[in-house]
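Structural overview for review
Here are the chains, one letter per residue:
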Amino acid sequence: MDESLSMAALNVGESGYVTQLTAQPAMERRLRDLGLVRGTRVTCLFKSPAGDPCAYLIRGALIALRRADASGVRLERAAPMAL
């Protein structure tokens, strides 16, 4: 069974695919405008020293989001990339 988690729970280097947005209407629209729609691959690339915000690779763009905003994005964990 596939594992579901919030985008904020991704560790650096981990990826997942968007399955659902559960944010306030204005934030949900902003997240969709950033390209976070069902099936989009998201990779956590950096975390600030305090852990908030984090930088995510979304459709070829590096986007920084606060934990509170990233928590509204549900993901299905992607399989690790083979080396």
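First, a word on what this report is: a plain description of the structure on this page. This structure is a prediction, so every number in the text was calculated from the model and none was measured.

Turning our attention to the pairing of strand β2 (residues 15-21). For β2 and strand β3 (residues 41-47), the ladder comprises 3 bridges, and the chain directions are antiparallel. When the sheet's bridge partners are listed, S15 is paired in β3 with T43. Bridging between β2 and strand β6 (residues 73-77) involves 5 bridges; their strand directions are antiparallel. Across the sheet, L21 pairs through a bridge with V73, a residue of β6.

Taken as a whole, this structure holds 4 salt bridges when the rule is applied. For the salt bridge of R66 with D69, the shortest nitrogen-to-oxygen distance reads 3.0 Å.

On to the sheet that holds β2, then. Working definition: the strands of a sheet are paired by backbone hydrogen bonds and lie parallel or antiparallel to each other. Taken together, the 6 strands give an open sheet; going across it, the order is β1-β6-β2-β3-β4-β5, and neighbouring strands pair in antiparallel fashion. Edge positions in the open sheet fall to β1 (4-6) and β5 (61-65), since each of these has one partner strand only. Each strand of the sheet is rotated relative to its neighbour by a mean of 45 degrees, with strand direction disregarded.

Here is what the cut-offs are and how they apply
- Residues numbered from 1 in each chain as written.
- Predicted model: local features only at pLDDT ≥ 70, side-chain atom pairs only at ≥ 80, totals over all residues.
- Heavy atoms only, no water.
- Pairing = 2+ DSSP bridges.
- Helix = DSSP H or I, 4+ residues; strand = E, 2+ residues; numbered from the N terminus.
- Salt bridge = Lys/Arg side-chain N within 4 Å of Asp/Glu carboxyl O.
- Axes fitted to C-alpha atoms, helices over the stretch in contact; angles between N-to-C directions.

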